[in-house]
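# Breakdown of the fold
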Amino acid sequence: MEDEAMSEGFAARTVAAANGVAQDAAFGAVIAPIHLSTTFKFPAFEQAGPYDYSRLGNPTRDALADTIAKLEGGARAVMVASGMAALDLALSSLRPGDLLVAPHDCYGGTHRLLSFRAARGHYRVAFVDQTDPDARAAALAEGPKVVLIETPSNPLMRVVDIRRITADAKAAGALAVVDNTFLSPALQQPIALGADLVVHSTTKFLNGHSDVIGGVVVAADKAVGEELAAWANTIGVTGSPLDAYLTLRGLRTLFVRVEQQQRNAAVLAAFLEAHPAVARVHYPGLPTDPGHALAKTQQAGFGAMLSFELVGGRAAVKTFVEALRVFTLAESLGGVESLIAHPPTMTHAAMDPEARAIAGITDGLLRLSVGLEAEADLLADLSRAFEALDG
């Protein structure tokens, strides 16, 4: 569904709130209806309509895809069933023997997917510290076909230079793919910084309510996007219309949610940095963070994700998380509720200990997804957990 009124001259938050609104030609519905039908009537023999089968195309799914594409400044978006399906689709051009350069400190599910694909000979993978110019240059000298970027990284919030890496990737003849899940287009637009493809787990900030699993690939070039859409239809990974409707409903409040969430996160980061039981805080919003200056050049904000390392390692982690009442011990992120995760035993458990050590994921590391609760209650909850460590 293409709403030309939203394609030019409107602020991003207006696009998020209003793209596709009042476009229903049948009844004038303000909110786009859910088209649950799996199949659509042909107008006549040998005459196709705009839709024929929902795996290939669906009006509700297209409404969401169009909105996200506009928010990311892309030409075409493809909605799929999960964030991992989105990443796999974005890498579908790779062939046996092709090299993929990926961040050494990426999300655990990403590391697992790439490692499994490489083990089956689908392509080769080089996990590289992308904050290291020499390591990046050495990897690019090998002639990769794709460079995958994740910034800020999960779970250590490392920030890498999207402009520089995408430019270097293109100079080497590689496709530049950026995972923008942690910040969303409210805070970062990788296509404007040189990315060819942007991927999201829409499960996270785009939906924002921890009740729908989904993913999206946004292409800077329409032809590339059409190729990805055709392949997604062929392998059957496109998302459901109901999930698309719920995600679009969540997306309407993206900007106001993220603004409040990152305000809460900044307060918690400062509190944690000053606490003697914390060895280190990973949050680009802190002036002391190594990625702070770079983040200010390519992000519109610092986001609602942060991590910190407890003094005392895994034993301290157990005591700490068991004392919490507001934060919930759970995987995922980006919802209105605050979550805490222990990457070594949860999100990054599939990484072998050596890979976690190389990435810098210690046993004392905890990751926070900061929600919309009252700032005072979040601070009190963390204080309660610190008191339990002293007890």
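Residues numbered from 1 in each chain as written. Predicted model: local features only at pLDDT ≥ 70, side-chain atom pairs only at ≥ 80, totals over all residues. Heavy atoms only, no water.

An unreviewed UniProt entry annotates the protein chain as O-succinylhomoserine (Thiol)-lyase originating from Methylobacterium oryzae CBMB20. The record in UniProt for the protein chain states the following under Sequence similarities (unreviewed entry): "Belongs to the trans-sulfuration enzymes family." (UniProt positions renumbered as here; feature names shortened; annotations may be inferred.)

The next subject is the overall build of the protein chain. Scanning the protein chain for helices and strands turns up 13 helices and 12 strands. For the protein chain, the spread of C-alpha atoms along the three principal axes comes to 75 × 50 × 35 Å. Counting all 391 residues of the protein chain, 52% fall into the buried class. Across the protein chain, every contact between residues at least 6 apart in sequence was considered, and the portion connecting residues at least 24 apart equals 71%. Carbon together with sulfur atoms contributes 55% to the accessible area of the protein chain, which is approximately 16,500 Å² in total. Treating the 31 positive side-chain charges of the protein chain as one cloud and the 43 negative ones as another, the clouds have centres 2 Å apart. (Helix = DSSP H or I, 4+ residues; strand = E, 2+ residues; numbered from the N terminus. Buried < 20%, exposed > 50% of the residue type's maximum accessible area, 1.4 Å probe, protein only. Contact = heavy atoms within 4.5 Å. Areas by Shrake-Rupley, 256 points an atom, 1.4 Å probe, with all protein chains shown as cover. Lys, Arg positive; Asp, Glu negative; His and termini not counted. Charge placed at Lys NZ, Arg CZ, Asp CG, Glu CD.)

The next thing to look at is a nonpolar patch on the surface. A contiguous nonpolar patch, built from Ile34, Leu36 and Leu242 and spanning about 260 Å² of accessible area, is present on the exposed surface. Counting through the fold element by element, Ile34 comes out in the loop between α1 (12–18) and α2 (59–72). (Patch = residues over 30% accessible without salt bridge, like charges linked within 9 Å, V, L, I, M, F, W, Y side chains within 5 Å. Salt bridge = Lys/Arg side-chain N within 4 Å of Asp/Glu carboxyl O.)

Bringing the sheet that holds strand β12 (residues 365–369) into the picture now. Think of a sheet as strands paired side by side through backbone hydrogen bonds, with each pair either parallel or antiparallel. Pairing is mixed across the open sheet formed by 5 strands, whose spatial order is β8-β9-β12-β11-β10. Edge positions in the open sheet fall to β8 (278–282) and β10 (328–329), since each of these has one partner strand only. With 2 bridges connecting them, β10 and strand β11 (residues 339–341) associate as parallel partners. Its bridge partner lying in β11, Leu329 is registered against Ile340. Against the sheet, helix α11 (residues 313–322) contacts β9 (305–310), β10, β11 and β12, and its axis sits at roughly 120 degrees relative to β9. (Pairing = 2+ DSSP bridges. Axes fitted to C-alpha atoms, helices over the stretch in contact; angles between N-to-C directions.)

Turning to empty space enclosed by the protein, a few remarks are in order. In total, this model carries 3 cavities of 30 Å³ or more according to the counting rule given. For the largest cavity, the calculated volume is near 80 Å³. At 3 residues, helix α8 (residues 241–251) tops the list of elements feeding residues into the lining of the largest cavity. Of the voids in this model, the second largest cavity is the one considered here, and its volume is about 50 Å³. The wall of the second largest cavity is formed by Val101, Gln130, Arg136, Ala139, Leu140, Val147 and Ile165. With 3 residues, the top contributor of residues to the lining of the second largest cavity is helix α5 (residues 133–140). Looking at the lining of the second largest cavity, its residues break down into 5 nonpolar, 1 polar and 1 charged. (1 Å grid on protein atoms, 1.4 Å probe; cavity = no way out; pocket = protein on both sides within 12 Å on 5 of 7 lines; lining within 4 Å. Points joined across faces, edges and corners; volume = space filled by probe spheres on them. Nonpolar A, V, L, I, M, F, W, Y, C, P; charged D, E, K, R; others polar.)

Let us look at the domain arrangement of the protein chain. Under the domain assignment used here, the protein chain contains domain 1 (12–250) and domain 2 (255–388). On a C-alpha basis, the centres of domain 1 and domain 2 stand 26 Å from each other. Across the contact, 40 residues belong to domain 1 and 42 residues belong to domain 2. For the pairing of domain 1 and domain 2, the buried interface totals around 3,200 Å² over both sides, and the portion due to carbon and sulfur atoms is 63%. Counting every contact that joins domain 1 to domain 2 gives 1 salt bridge. For Glu259, the salt bridge goes to Arg13, with nearest N and O atoms at 2.2 Å. Counting every contact that joins domain 1 to domain 2 gives 16 residue pairs in polar contact (both at pLDDT 80 or more). Put simply, the parts of the chain that give the side of domain 1 that touches domain 2 at least two residues each are α1, α4 (108–119) and α6 (162–171). Take the side of domain 1 that touches domain 2: its biggest share by element is 4 residues, from α4. Here the side of domain 1 that touches domain 2 is composed, by residue class, of 19 nonpolar, 14 polar and 7 charged. (Domains from an automatic or database assignment. Buried area = accessible area lost by both parts, 1.4 Å probe. Polar contact = N/O pair within 3.5 Å; in protein donor to acceptor, adjacent residues only side chain to side chain.)

The contact between α2 and α8 brings their axes to 8 Å, and the two run at 40 degrees. As the angle between them shows, α2 and α8 are arranged oblique. Seen from above, α2 lies across α8 with left-handed handedness. Residues Thr60, Arg61, Ala63, Leu64, Thr67, Ile68 and Leu71 of α2 lie in contact with α8, whose contacting residues are Pro241, Ala244, Tyr245, Thr247, Leu248 and Leu251. Per-class residue counts for the contact of α2 with α8 are 9 nonpolar, 3 polar and 1 charged. (Parallel < 35°, antiparallel > 145°, perpendicular 65-115°, else oblique. Left-handed = near helix turned anticlockwise from the far one by under 90°.)

The α-helix winds at 3.6 residues per turn, so residues separated by three or four positions along the chain end up facing the same way. Taking 1.5 Å of rise per residue, 12 residues should cover 16 Å, and α4 covers 16 Å from first to last C-alpha, within 8% of that figure. Residues of α4 that are buried include every one of Gly108, Gly109, Thr110, His111, Leu113 and Leu114, and no others. In this structure, the buried side of α4 is in contact with α3 (83–90), β2 (99–103), β3 (124–128), β4 (146–150) and α12 (353–359). Positive backbone phi, at 80 degrees, marks Gly121, one or two positions downstream of α4. (Expected span 1.5 Å × (residues − 1).)

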